[in-house]
Every structure is written in structure tokens, then in C-alpha cells.
Amino acid sequence: MTFEELQKRAEQGDMDAQFRIGRRYSIGKDYSTALYWLKRSAEQGDLRAFGYISGVFRRCSDANIRNDIEKFFGNFSDQGMLLARFYIGRCFEEKGKYEDALKCFSQLAEQGEENAQLRLAHIYEKGLDGIENDYDEALKWYIKASEKGSLDTNQKIGRFYEQGIGVTRDFSEALKWYQKGVTNKPTAITEQLGAQVFLAERFSAHEKYEDAFKWYKIASESSSDDFDLTSVYTSIGGFYEEGKGVRKSLSEAMKWYKKAAECGSYSEKFSFGKRLLEQGKYEEALYWLEKSEESSAGYKYASDYPIGELIKRCHDFLEAPAKLNEVLHSLIGLESVKREMLSIANLSKLQKLRKQYNLPKVPIRQHLIFVGNSGSGKSYVAPILAEAYRCAGILSKGQIVTAGRSELIANTPERTVSKAKAVIQSAIGGILLIDEASKILPTERLDALGQKAVNVLLEVMDSTDDLIVILADRPNQAESLVNLNPRLKAKFSKCIYFQDYTPDELLEIFKLQCKNAGLLLENGVPEIVLAHFKNLYENRDRNFTNGYCVQDYFEQVLSRQANRLTAQLNVKKDDIATLTQQDVQNAATDARA
């Protein structure tokens, strides 16, 4: 019905239309027009209009309008209408005439007028200007008002006993009053649901979880478009998750959290998505986190939720296996290392599946020993492993902290403890790669400072699962790494051996460096380079540097190219972008010298 149609009906004397028009003008703060229509509706017997007229008195500061309202209520009061007399008392309250209001409400309360009894109780409870607190009187009138079955009144009385307001604190007595709100079965479904939820909350506050759970479940079985059950579903989920008042069950908890997410706002969707993410259910988590992001628009505090960050983590987890395979496939050589890395990744995946199916977590030692000559890929593989662990949810950050003796050990025991702790703790969330570990770890010859550093390392390793330690060293030091003191040795699951690169693999590394530098190889260059690497490989000793020797040779080749081009009069782009047989041969000859 349009406003014009409603007004026409009001002008024709329709009581309901008059009330609705008056209410609209009241909301629009046109109090004079509102009062006109509300008075006409009230004069026809619409009791709702009296309440809205009282509301106009409270909100309007115009003295003429307020005087008019007092006269209007006075006329009906003189005719014996108790409700009008009650609203005169409310007018006294609004004007700060509390003693006059008290007299007015007292007369009505004695006659059994419920609203007056409640106002009288309120004044005695709060102790307004000129009237002292009198909790005995307040409770007396609340109890009298409760005889009419008011849910709100029963809860007020219960609060007196629960909080010990003017009476001995007695939660069992409070519960009797709280439960009256439920057993009286209010006609409105929203009132009944409100009473059930309130009762559950009070039981929960006093750690009576079985009773709290019962009333939450009763509330959850009802349905009303006017009552939001989101918090009820969330509470039931929490009870199942924590095992409060019911057998602990994460699967049951997740069912209720899902119901909350389905009917709740972005925050419930975010919480459900976050829980799914923590359980390793990345596809479901991504769905709900994206739903949360979609529904968060316009909410003031939505930015406080790291929705985008968790969505990114879901993508990382889902894409991690493919990314790891791609990275490993791109590595030159290191075939045995690749197999070990894939085994580690598969084991991590299995752990996630166990978590997903609510199976017990199996403790697995993640710490490793890398054994290989210098330049064999140990420091190159470690960051790949760190990222794989981060994407698998084993590590929170995935950073690499590389440390040797100089980074962990100072010149006194006290400084060593402080220095080692700072470095090791900075690696939490990622991988601590201890290079040339045998120089730190005490073996046959006791090293007091090294022992201090090891003790700090063990202490931190015992305190967190969010850290992986890799001990790295040369093959001829492997024995000192695998035969550590019992406490340290027990932390490490396996040794990964990095074999020396073969001549063919060294050539592939050289070609990759050339490609990255935009360099082309003249015919015959690869054969010369391969011959050079075969010579290095066949005559290698403990100081063989693998990938580092390729880098050294590459830089020597560039130097020879620079010397050759400097002697040319006209240097073109193709000259700069091409390595000749002369360049690589001269560099190889110099390297053997």
C-alpha cells in the first residue's frame, strides 16, 4: 500500500491506518503531525498508539507538544484508564520528577498494573535522583510482575539471585527463575528461542555444560526467520570440539560450524574456512574463505581478518606438489637427492591426509644431514625444501638461515649462548642450515664453546616443531656428523648424500649460465668445455668445488672474451653475445696453469 493510499484510509477513520501514518511521521521526526494521527488512533482504542505517544514525549523537546501529550494522558486517566495513568508516570520520569513518578507507579502497581510494577522495581533497583536503592522493594515488585508470565521479568529476578543483588547469591534459585521463561512457553517463537539461548548461556557461564548443551540443542531444533541461530550453531560446535557436556568429536563440531557458516556473516565463513585449512582440507577451505571475502564487502571490521592471506595459503598448498615437481625436474643432476626430496614431500602429504581423516599424528623426525663436497647443491636444495615444507604446512614461514661456527660461537660461554640463541631463534618458521657442522659439534676433542652452542640448539629444537635443522658438511666429515652425541643424533632422521657433479652435468650447468647471460656458443665450444670438466673431474680431490668450479670457469671465459673483444676495432652485438672456441680454450689453459 502506498503512503497516499494509507493516508486516505486514515482520513476516512481507519484506526490502523491512523496508527501507521502516525508511526511513520514519528520516525521521520515530524512530531506534531505524528501526534495528530496517533491521538486519533488512540481515541478509537488502539493501545499501541499510547506507547508511541509516550515515545514522542521522550524524543521531542517542544514544550507545547509535551504539554499537549500530558493533557491527553490526563484526560484518559480521569476516565479511569490505568494505561494512561502509567504513561503520566513515564512523563514524570522523563522530566526528572522521580518522586511524582514513584507515587504514580505505586498506585498503579498496587492495582496490579504490570508495567507500573516493572517501572517501580526499576526505580528502586537503580536508585534515581532523590530515591535511594532498595533492592528488597525492587525484587518484591519484580516478583509481583512475574505473575503475569513476563519472560524479561523472570530473567531480571534470576539476575538478582545469580549476582547476589540484595539477596544471597544462589545460582540454583536463579535457574528456577530463568527456567520459568522457558517452561511458560511464550507464544512468540522468537521469545521462546531467546529464553532457551539465554538459559544455555547462563548454564555455560557456570560451567554446567551438559545443561547448557541440552538447551542449545533444543534451540537449534527450532526455526524462525526472525531469530538468528548462527551463535547457537557456533556454540554447539564449540561444545563438541572441546568435549564440554558432550563426547568430544571434531567431525560433529565441523558439522555445526558449517551450519553457522551457511547462515552467518563473513566472520563465520572465515572461521570455518580457517578451521578447514588447519585440518589440511584445502579445497573446502578455499571455497569458504572465498565466500567470506565475497560477503565481507562493506563491513567495518572485515579488514581485521586475514582472508586474503589464508586464500593465498590455500593456493600454495594446492599447487605445492606440482611446483615441487617442476623445480626438481629443472635441477641438473642430483638424481638421488631428487628421489629423497619427493619421498619427504610424499611423507608430508601422508601426514596431511592423516590429519584430514582425524587419524592420530605420527611423530616424524624432519631434521636432516646433508653430506657432499663444496658446490654440490646443498645450499641450493635447502631453500627448495623450505618452500616445500611451508606449502605443506609443516613450516610457517619457509625462510632459510645459514650459519657456521662464526655465526654461532663467540669467545666466551655466556656470549656463545646469547649469540647461538639469537641465530637459532631467527630460523624458527623455516630451516636452519648449519654449514661445516663438524667445526661446531664436539666429537672426540671436547669443545666447550661448541657444546654450549649444541645445548642451545637442542633446547630450541625441543621447544618447537616449527623449525627444521640441516647439518651440512663434506663427505670426509660425514662420520663426525652421523656419530653425534645420543641426544643430537636422535633428532635426525636421515642423511642425504650429494654426489659430485659428473662432467656432463657440469657442462649442463655451464650452458645454463650462458643461457641466463644471453650468450650463444660457437660450434666446437661445448666439446672444449666438456674436455676441461673431464680433466677437473678425473683429477679431483677433497677440495673439488663442483658448481663453484663452473662459476669460476665461466667468469674466466668472460674475461678472455673481454680481452679478445677489446682488441677489435668494431664490436657488434653478435660479437658480445657469442663465446668462441678461443675464449673457452684460453680459459681452460689458464685454469690448468
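The sections below set out a description of the structure shown in this document.

With that settled, the discussion passes to helix α16 (residues 266-278). Compared with the 18 Å implied by 1.5 Å per residue over 13 residues, the 18 Å span of α16 between its first and last C-alpha is a close match. Along α16, the residues classified as buried are Y266, S267, K269, F270, F272, G273, L276 and L277. Packed against the buried residues of α16 are α15 (250-263), α17 (282-295) and α18 (307-330). G280, located one to two residues past α16, shows a positive phi value of around 80 degrees.

To continue, consider the state of the cysteines. In the structure shown here, the tally under the stated rule is zero disulfides. There is no disulfide at C549, and the cysteine sulfur nearest it, in C514, is 14 Å away. In this structure C549 comes out as buried when scored by relative accessible area, which is 10%.

This structure, assessed with the given rule, holds 26 salt bridges. Salt-bridge contacts for D462 lead to K491; the nearest nitrogen and oxygen are separated by 2.3 Å. Of the two residues, D462 sits in helix α23 (residues 448-463) while K491 sits in the loop between α25 (486-489) and β5 (492-498), which places them 29 residues apart along the sequence. When salt bridges with common partners are traced through the structure, they connect D16, R20, D46 and R48 into a single cluster.

A separate point is the pairing of strand β2 (residues 400-403). Only one face of β2 is buried, namely the one carrying V401 and A403, since none of I400 and T402 on the opposite face is buried. Of the strand pairs in this sheet, β2 and strand β3 (residues 431-434) are connected by four bridges, and their pairing is parallel. Paired with I400 across the bridge in β3 is I431.

The next thing to look at is unusual backbone geometry. In this model, L334 sits at a positive phi of 55 degrees, which is unusual for a non-glycine residue. Within the secondary structure, L334 sits in the loop between α18 and α19 (335-356). On the basis of relative accessibility, which here comes to 8%, the residue L334 falls in the buried class. Its identity as a non-glycine residue notwithstanding, E436 has a phi of 50 degrees, on the positive side.

Because an α-helix packs 3.6 residues into every turn, residues spaced three or four apart end up facing the same way. With 20 residues, helix α28 (residues 547-566) should cover 28 Å at 1.5 Å per step; its first-to-last C-alpha distance of 29 Å lies within 8% of that length. Buried within α28 we find G547, C549, V550, Y553, F554, V557, Q561, R564 and L565. Considered in projection along α28, the buried side chains sweep an arc of 145 degrees and stay on one side of the axis. In this structure, α28 carries N563 and T566 as exposed residues pointing more than 90 degrees from its buried face. Buried-residue contacts for α28 involve α26 (503-516), α27 (525-538), α29 (573-576), β7 (578-579) and α30 (581-592).

Attention now goes to the layout of surface pockets. In this structure, the largest pocket encloses a volume near 1000 Å³. If you go around the largest pocket, you meet 44 residues; those closest to its centre are K361, Q366, G393, I394 and D465. Ranked by the residues each element gives to the lining of the largest pocket, the list is headed by α19, at eight residues. What the second largest pocket holds in volume is close to 650 Å³. Sorting the residues of the lining of the second largest pocket by element identifies α20 (378-391), β4 (468-473), α26 and α28 as the ones contributing at least two each. No other element matches the four residues that α26 contributes to the lining of the second largest pocket. Within the lining of the second largest pocket, the residues separate by chemical class into 10 nonpolar, 13 polar and five charged.

Inspection of the secondary structure assignment puts S376 in the loop between β1 (367-372) and α20. Among the polar contacts made by the side chain of S376, one reaches the main-chain carbonyl oxygen of N373 at a distance of 2.6 Å.

Taking strand neighbours across the sheet as the criterion, the five strands line up as β2-β3-β4-β1-β5 in an open arrangement whose pairing is parallel. Lying at the two open borders of the sheet, with one neighbouring strand each, are β2 and β5. Along the sheet, successive strands turn relative to each other by an average axial angle of 20 degrees, direction set aside. Along the sheet, α20 makes contact with β1, β2, β3, β4 and β5, crossing β1 at roughly 160 degrees.

Turning our eyes to something else, we now look at the side chain of T416. Among the structural elements, T416 can be located in helix α22 (residues 413-426). Sequence-distant contacts of T416, defined by excluding residues within four places in its chain, comprise L408, I409, A410, L449, K452 and A453.

Attention shifts here to the nonpolar core. Judged by nonpolar contacts, the single largest core of 93 residues is most densely connected at F50, I53, I69 and F73. With sequence-adjacent residues up to four places away left out, I53 is seen in contact with L35, L38, K39, A42, I69, F72 and F73. Judged by nonpolar contacts, the second largest core, of 46 residues, contains I332, V381, I431 and A472.

In the structure shown here, the tally under the stated rule is 27 aromatic pairs. Between the aromatic rings of F171 and F203, the centroid separation amounts to 6.4 Å while the plane-to-plane angle is 90 degrees, which identifies the pairing as edge-to-face. Of this pair, F171 sits in helix α11 (residues 171-183) while F203 is found in helix α12 (residues 189-205), placing the two residues 32 residues apart along the sequence. Taking relative accessible area as the criterion, F171 reaches 12% and is therefore assigned buried. A residue is classified by how much of its surface remains accessible, and F203, at 4% relative accessible area, is buried. Pairing Y216 with F239 gives two aromatic rings, centres 5.8 Å apart and planes at 80 degrees, and the pair type is edge-to-face. With Y216 in helix α13 (residues 209-220) and F239 in helix α14 (residues 230-242), this pair connects stretches of sequence that are 23 residues apart. The exposure class of F239 is buried, given its relative accessible area of 6%.

Let us now look at the packing of helix α6 (residues 82-94) against helix α7 (residues 98-110). Running from N to C, α6 and α7 point in directions that differ by 160 degrees, and their axes come no closer than 7 Å. Judged by the angle between their axes, α6 and α7 are roughly antiparallel. α7 is crossed by α6, and the crossing has left-handed handedness. Of the residues in α7, those touching α6 at L82, R85, F86, G89, R90, F92 and E93 are Y98, D100, A101, C104, F105, Q107 and L108.

How each quantity is defined
Residues numbered from 1 in each chain as written. Predicted model: local features only at pLDDT ≥ 70, side-chain atom pairs only at ≥ 80, totals over all residues. Heavy atoms only, no water. Helix = DSSP H or I, 4+ residues; strand = E, 2+ residues; numbered from the N terminus. Expected span 1.5 Å × (residues − 1). Buried < 20%, exposed > 50% of the residue type's maximum accessible area, 1.4 Å probe, protein only. Contact = heavy atoms within 4.5 Å. Disulfide = S-S within 2.5 Å. Salt bridge = Lys/Arg side-chain N within 4 Å of Asp/Glu carboxyl O. Pairing = 2+ DSSP bridges. Arc of directions from axis to C-beta. 1 Å grid on protein atoms, 1.4 Å probe; cavity = no way out; pocket = protein on both sides within 12 Å on 5 of 7 lines; lining within 4 Å. Points joined across faces, edges and corners; volume = space filled by probe spheres on them. Nonpolar A, V, L, I, M, F, W, Y, C, P; charged D, E, K, R; others polar. Polar contact = N/O pair within 3.5 Å; in protein donor to acceptor, adjacent residues only side chain to side chain. Axes fitted to C-alpha atoms, helices over the stretch in contact; angles between N-to-C directions. Core = buried A, V, L, I, M, F, W, Y, C linked by side-chain atoms within 4.5 Å. Phe/Tyr/Trp six-rings, centres within 6.5 Å; stacked < 30°, edge-to-face > 60°. Parallel < 35°, antiparallel > 145°, perpendicular 65-115°, else oblique. Left-handed = near helix turned anticlockwise from the far one by under 90°.

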